[in-house]
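Listed below are the residues making up each chain.
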Amino acid sequence: NQLGADADRDGRRVAGTGSQALIAGTLLAALLSILFGRFMALAVARPLKEAGGMLDLIARGDFSQNIRAKSNDEVGAMIRSLDAAVNSVRLAFGEVRTVAGQLSGASKRLTAGAGTIATGAHEASGHLEATAASLAQVASAAEQTAANAEEANQFANVSQQVAKRGGDVVGLAV
């Protein structure tokens, strides 16, 4: 029976050691799972937080920032795509600014040209008014000259009649 008691005691000791090993292994697995989970959360959360910060800047109109992906996973691919989109928008805004500047310059030139045309039209209008006034004076002078010529014609007719009578009187007297 001694042999049975020794076997029983050895079995309990092995079982106790096995239980302790199982508990230790379970605790170690839980600790490793927590550490791995924390590492994975940081590995995913940090790049997503950086991308969120960049999107906040973009929402405020700041397209000057770049973000670089530090991983080759899906999050890294998303960050590279976001960076490419921001670069494309930045280039498009640059082109829009260039075209807006060109349009502004053209608008200023058109405004100056319109001012020059308006000034020229105003001057031409003044010249036309002066010409019309001169023509009115010429017409008035022509009417006055015609009236004077008519009056001179009447005096000439009267003078001719007086001279004819004077000639008739001289002819009778001689």
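The following refers to the structure shown. (Residues numbered from 1 in each chain as written. Predicted model: local features only at pLDDT ≥ 70, side-chain atom pairs only at ≥ 80, totals over all residues. Heavy atoms only, no water.)

1. Some words on the overall build of the protein
Now for step 1: The helix and strand inventory of the protein stands at 2 helices and 0 strands.
Now for step 2: Scaling as 2.2 N^0.38, a compact globule of 174 residues should have a C-alpha radius of gyration of about 16 Å, whereas the protein reaches 58 Å, well beyond that.
Now for step 3: Taken along its principal axes, the extent of the C-alpha atoms in the protein is 210 × 20 × 15 Å.
Now for step 4: Burial analysis of the protein (174 residues in total) assigns 6% to the buried set.
Now for step 5: Sequence-distant contacts in the protein: of pairs separated by 6 or more residues, those separated by 24 or more amount to 48%.
Now for step 6: Surface summary for the protein: the accessible area is close to 13800 Å², and the carbon and sulfur share equals 65%. (Helix = DSSP H or I, 4+ residues; strand = E, 2+ residues; numbered from the N terminus. Rg over C-alpha atoms; globule rule 2.2 N^0.38 Å. Buried < 20%, exposed > 50% of the residue type's maximum accessible area, 1.4 Å probe, protein only. Contact = heavy atoms within 4.5 Å. Areas by Shrake-Rupley, 256 points an atom, 1.4 Å probe, with all protein chains shown as cover.)

2. With respect to helix 2 (residues 74-173)
Now for step 1: Its 100 residues place the ends of helix 2 145 Å apart at the C-alpha level, agreeing with the 148 Å of an ideal helix rising 1.5 Å per residue.
Now for step 2: Of the residues making up helix 2, those classed as buried are Val75, Gly76, Ile79, Leu82, Asp83 and Val86.
Now for step 3: Measuring from the backbone nitrogen of valine 75 back to the side-chain oxygen at the start of helix 2 gives 3.3 Å, which picks out aspartate 73 as the cap. (Expected span 1.5 Å × (residues − 1). Polar contact = N/O pair within 3.5 Å; in protein donor to acceptor, adjacent residues only side chain to side chain.)

3. Structural notes on the nonpolar core
Now for step 1: In this structure, Ala51, Met54, Phe63, Ile67, Val75, Ile79, Leu82 and Val86 together form the largest nonpolar core, which totals 8 residues.
Now for step 2: For this core, the elements supplying multiple residues, two or more each, are helix 1 (2-59) and helix 2. (Core = buried A, V, L, I, M, F, W, Y, C linked by side-chain atoms within 4.5 Å.)

4. A short note on the environment of leucine 82
Now for step 1: Of note, leucine 82 is situated in helix 2.
Now for step 2: Judged by relative accessible area, leucine 82 falls into the buried class, the value being 17%.

5. Observations regarding the pattern of salt bridges
Now for step 1: Across all of its chains, the model carries 2 salt bridges by this definition.
Now for step 2: The partner of aspartate 83 in a salt bridge is arginine 68, and the shortest N-O contact between them spans 2.7 Å. One end of the pair, aspartate 83, is in helix 2; the other, arginine 68, is in the loop between helix 1 and helix 2, with 15 residues separating them in the sequence. (Salt bridge = Lys/Arg side-chain N within 4 Å of Asp/Glu carboxyl O.)

6. Some remarks on the environment of arginine 109
Now for step 1: Mapping arginine 109 onto the fold places it in helix 2.
Now for step 2: The exposure class of arginine 109 is exposed, given its relative accessible area of 58%.
Now for step 3: Sequence spacing of arginine 109 and threonine 145 is 36 residues, and the spatial spacing of their C-alpha atoms is 53 Å.

7. Here's the deal with the environment of serine 71
Now for step 1: Of note, serine 71 is situated in the loop between helix 1 and helix 2.
Now for step 2: The exposure class assigned to serine 71 is partly exposed, which follows from its relative accessible area of 23%.
Now for step 3: Between the C-alpha atom of serine 71 and that of valine 44, which follows or precedes it by 27 residues, the distance is 9.7 Å.
Now for step 4: Within polar-contact distance, the side chain of serine 71 engages the side chain of aspartate 73 at 2.6 Å.

8. Let's talk about the side chain of aspartate 83
Now for step 1: On the basis of relative accessible area, aspartate 83 is assigned to the buried category, the value being 7%.
Now for step 2: From its side chain, aspartate 83 meets the backbone nitrogen of isoleucine 67 in a polar contact 3.2 Å long.
Now for step 3: Among all residues touching aspartate 83, those that are not within four sequence positions of it are Met54, Asn66, Ile67 and Arg68.

9. A short note on a nonpolar patch on the surface
Now for step 1: Judged by side-chain polarity, Leu28, Leu31, Leu32 and Leu35 come together as a nonpolar surface patch covering roughly 390 Å² of accessible area.
Now for step 2: By the element assignment, leucine 35 lies in helix 1. (Patch = residues over 30% accessible without salt bridge, like charges linked within 9 Å, V, L, I, M, F, W, Y side chains within 5 Å.)

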